[in-house]
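Structural features, examined
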Amino acid sequence: MWKPAEALVLTPTHRDTLEIWSRGRTTPQRLTLRARIVLRAAAGQANAEIARALHTSRPTVLLWRQRFATGGVTALQHDAPGRGRGPTIPPETVRAILRATTQTTPKGATQWSTRTMAQAHGVSNASVARLWRAHGLQPHRVRRFKVSRDPRFAEKLRDVVGLYLNPPDKALVLCVDEKSQIQALDRTQPGLPLKRGRCGTMTHDYKRHGTTTLFAALNVLEGKVIGTCYPRHRNGEFRKFLQTLDWETPAALDLHLIVDNYGTHTHPNVQRWLARHPRFHLHFTPTSSSWLNLVERWFRDLTTKRLRRGVFQSVPDLMAAIDEYIHVHNAQPKPFVWTASAEKILAKVGKCKAIFDTLH
């Protein structure tokens, strides 16, 4: 028989914590083992008996009994300094890999891969992958952007964001834009249906059956959309769509339209039409700032949910699909809520411009 060691004394708080660690599914295994050692030691079990029951060594049991006795549950969470496997890649090699990743490109390519970087520095591609992951580097990814050079950027930004955050009384704010050149694409062969273990399929090639242009207005308050398809994208079609908005909105309310700087919106014919309809007010987004117009977010949903994988044998089929999507959306509309202030956006843009200045 093993002679029991002196039982450890646990406070109720310590016992509750150790019980949670010993049973936790997401608790690290090393911490689970240490908690079970202390709990068994508190129950008065002998060190050798604990080691045998937990499939570990007696010195390990002695170590964590002593660590708990001197440091409590906090001592169980940390290894002693200098323990564990040391780094296998020299620090200068790590710095060289990180510097090359962020400041250079490989010969004959636009970005590094783990294999090309590993070959260049004499390490394994797994080591490179771990370094990149630890430092948040993803050379294979790129995000598109463009900083507006509109001299009236701040003025237009505050105007548009002000409509989102503080809309005027007795008025509707509508985000208006055109999604032009929507193609009616028909696949050359029928796709295979979705089944267990296999995703749906569609051919990479297609037949073109014409295009249409969707004019859409997103009600910022309700999330509903007014949309009409036209074969062309000219000022005449834009005036027709403005007339549609005039008919389908309450006549007693002013209409504040957020639009981009496309020539259709500033054409003299459009200006004359607006002069005859004083309840319409156009607010222009800065150049290269389509992200300010919330209807672009709705266009993305339309493309993802209805157009990208759709099969259309004619333009009327395409227009019917778009009308159906608008009808379904308006049955349960969900508005997009703008939260960023103009000052926050200006500060972020200012940082981008400062980076450009340092690079050039």
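Right, let's walk through the structure included here. (Residues numbered from 1 in each chain as written. Predicted model: local features only at pLDDT ≥ 70, side-chain atom pairs only at ≥ 80, totals over all residues. Heavy atoms only, no water.)

**Some words on the sheet that holds strand S3 (residues 225–230)**
One open sheet holds the five strands; their spatial order is S3-S2-S1-S4-S5, and the pairing between them is mixed. Strands at the two margins of the open sheet, each flanked by one partner only, are S3 and strand S5 (280–284). Across this sheet, the average inter-strand angle for adjacent strands is 30°, counted without regard to direction. Sheet topology places strand S2 (residues 206–219) next to S3; six bridges connect them, and they run antiparallel. (Pairing = 2+ DSSP bridges. Helix = DSSP H or I, 4+ residues; strand = E, 2+ residues; numbered from the N terminus. Axes fitted to C-alpha atoms, helices over the stretch in contact; angles between N-to-C directions.)

**Description of the environment of Phe336**
Mapping Phe336 onto the fold places it in the loop between helix H12 (315–331) and helix H13 (342–359). C-alpha separation for the pair Phe336 and Leu318, spaced 18 residues apart in sequence, amounts to 26 Å.

**Quick word on helix H1 (residues 12–23)**
Helix length check: H1, at 12 residues, gives a terminal C-alpha distance of 17 Å against a target of 16 Å (1.5 Å per residue), a fit within 8%. Listed in full, the buried residues belonging to H1 are Leu18, Trp21 and Ser22. Seen along its axis, H1 keeps its buried residues to an arc of 95°; they face one direction. Among the exposed residues of H1, those pointing more than 90 degrees away from its buried face are Pro12, Thr13, Ile20 and Arg23. Structurally, H1 contributes buried residues whose contacts are with helix H2 (29–42) and helix H4 (58–76). (Expected span 1.5 Å × (residues − 1). Buried < 20%, exposed > 50% of the residue type's maximum accessible area, 1.4 Å probe, protein only. Arc of directions from axis to C-beta. Contact = heavy atoms within 4.5 Å.)

**Quick notes on the pattern of salt bridges**
Counted under the stated rule, the structure contains seven salt bridges. The shortest N-O distance in the salt bridge between Asp150 and Lys156 comes to 2.9 Å. The exposure classification of Asp150 matches that of Lys156, with both residues buried. Residue Glu237 pairs with Arg234 through a salt bridge whose shortest N-O separation is 2.9 Å. The exposure class assigned to Glu237 is buried, which follows from its relative accessible area of 5%. A relative accessible area of 41% means that Arg234 is categorised as partly exposed. (Salt bridge = Lys/Arg side-chain N within 4 Å of Asp/Glu carboxyl O.)

**Details of the packing of H1 against H2**
Helices that pack against each other are described as a pair by the angle of their axes relative to one another and the distance between those axes. One way to put it is that H1 packs onto H2 with a least axis distance of 8 Å and a crossing angle of 130°. Judged by the inter-axis angle, H1 sits oblique to H2. Relative to H2, H1 is oriented so that their crossing is left-handed. On H2, the residues touching Arg15, Leu18, Glu19, Trp21 and Ser22 of H1 are Leu31, Thr32, Ala35, Arg36, Val38, Leu39 and Ala42. Looking at the contact of H1 with H2 residue by residue, the class counts come to seven nonpolar, two polar and three charged. (Parallel < 35°, antiparallel > 145°, perpendicular 65-115°, else oblique. Left-handed = near helix turned anticlockwise from the far one by under 90°. Nonpolar A, V, L, I, M, F, W, Y, C, P; charged D, E, K, R; others polar.)

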